[in-house]
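Structural overview
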Amino acid sequence: MLGRTPVAIEYEGSRPWQPPEDRGGTGIEVLTNLGPIRCLYHAAPSAERAVVWVSGAYGGFSGGGGLYSILSDELIADGVSSLRLDYRHPNVLHHSIMDVLAGVSFLQSQGCERVALVGHSFGGAVVIAAAPLADAVTTVVGLASQTHGARYAHLVSPRPLLLAHGEDDDRLPARCSILIYEWAREPKRLILYPGTGHNLRECRDELHPVLKGWLLEHT
């Protein structure tokens, strides 16, 4: 799939957007030649590091058992900005990959030259496929990832890859992340959480420090 992905998106700037209340961050639209991408931007002053967070097949701004908004705010204190990105065309892999690449370009325009990618479910495959196409990407995290679109996980290397999955996931079985781990090259890490379903809420307290530490170390 990666080899057939048309990388034809061009970043053209940004403009304010008013999101619903209590979403966190600042609403911006990343402007591209293929249309605007709605995002929530958590900007750290003078940040040189950043994270792009993407969700599952339905899009939106949440993921990781609610950790996206929590960590986006927490990482500001560590000088790391965050961009929570909503797909233009949810569940369309090649468009979603291009959206992530545009998000990376936006962050570079803000002075962030080291960017981590985090994706949940469908978004796990999106960030795995997008990473080899952007030199600024330093690490990738797939949470409860699907395998479709992730077959070229070996191309993420030499960037470190973290995979986390719930053993009781009844939407995408843990075998999905196990397969991606087998396809990937070092450096890589796989964590399986017992008693945890697809949205990872049951392991949120355990995943929180692991994910934060990984991003601070590798971004």
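Below you will find a few notes about this structure. (Residues numbered from 1 in each chain as written. Predicted model: local features only at pLDDT ≥ 70, side-chain atom pairs only at ≥ 80, totals over all residues. Heavy atoms only, no water.)

Digging into a negative patch on the surface
On the surface, Glu167, Asp168, Asp170 and Glu202 cluster together to form a negatively charged patch. Of the residues examined, glutamate 167 reaches a relative accessible area of 42% and is grouped as partly exposed. (Patch = residues over 30% accessible without salt bridge, like charges linked within 9 Å, V, L, I, M, F, W, Y side chains within 5 Å. Areas by Shrake-Rupley, 256 points an atom, 1.4 Å probe, with all protein chains shown as cover. Salt bridge = Lys/Arg side-chain N within 4 Å of Asp/Glu carboxyl O. Lys, Arg positive; Asp, Glu negative; His and termini not counted. Charge placed at Lys NZ, Arg CZ, Asp CG, Glu CD. Buried < 20%, exposed > 50% of the residue type's maximum accessible area, 1.4 Å probe, protein only.)

Focus: the pairing of strand S4 (residues 49-54)
Counted residue by residue, S4 has five buried out of six residues, so it is predominantly covered. Sheet topology note: the S4/strand S5 (residues 80-85) ladder contains six bridges and is parallel. In the strand pairing of S5, valine 52 is matched with leucine 83. At this point the chain moves from S4, through helix H1 (residues 67-74), to the parallel S5, and the crossover so formed is right-handed. Note that S4 and strand S6 (residues 114-120) share six bridges and pair parallel. The residue bridging valine 54 from the neighbouring strand is glycine 119, located in S6. (Helix = DSSP H or I, 4+ residues; strand = E, 2+ residues; numbered from the N terminus. Pairing = 2+ DSSP bridges. Right-handed = clockwise from strand over helix to strand, strands pointing away.)

Description of the pattern of salt bridges
Under the defined criterion, the tally for this structure stands at five salt bridges. One salt bridge connects glutamate 182 with arginine 175, and the closest N-O pair in it is separated by 3.6 Å. The exposure class of glutamate 182 is partly exposed, given its relative accessible area of 46%. For arginine 175, a relative accessible area of 43% puts it in the partly exposed group. One network of salt bridges, in which partners are shared, links Arg15, Glu29 and Arg38.

Section: the packing of aromatic side chains
Geometry of an aromatic ring pair is reported as the spacing of the ring centres plus the angle between the planes. The final tally for this structure, using the stated rule, is five aromatic pairs. Between tryptophan 17 and phenylalanine 61, the aromatic rings sit 5.9 Å apart at their centres with planes inclined by 35 degrees, giving tilted as the arrangement. Here the residue tryptophan 17 occupies a position in the loop between strand S1 (11-16) and strand S2 (26-32), and phenylalanine 61 occupies one in the loop between S4 and H1, the gap between them amounting to 44 residues. Take tryptophan 17: its relative accessible area is 14%, and that puts it in the buried class. One aromatic cluster is present, built from ring pairs that chain together Tyr11, Tyr41 and Phe106. The ring of tyrosine 181 carries the charged tip of lysine 188 above its face, separated from the ring centre by 4.3 Å. (Phe/Tyr/Trp six-rings, centres within 6.5 Å; stacked < 30°, edge-to-face > 60°. Lys NZ or Arg CZ within 6 Å of the ring centre and 35° of its normal.)

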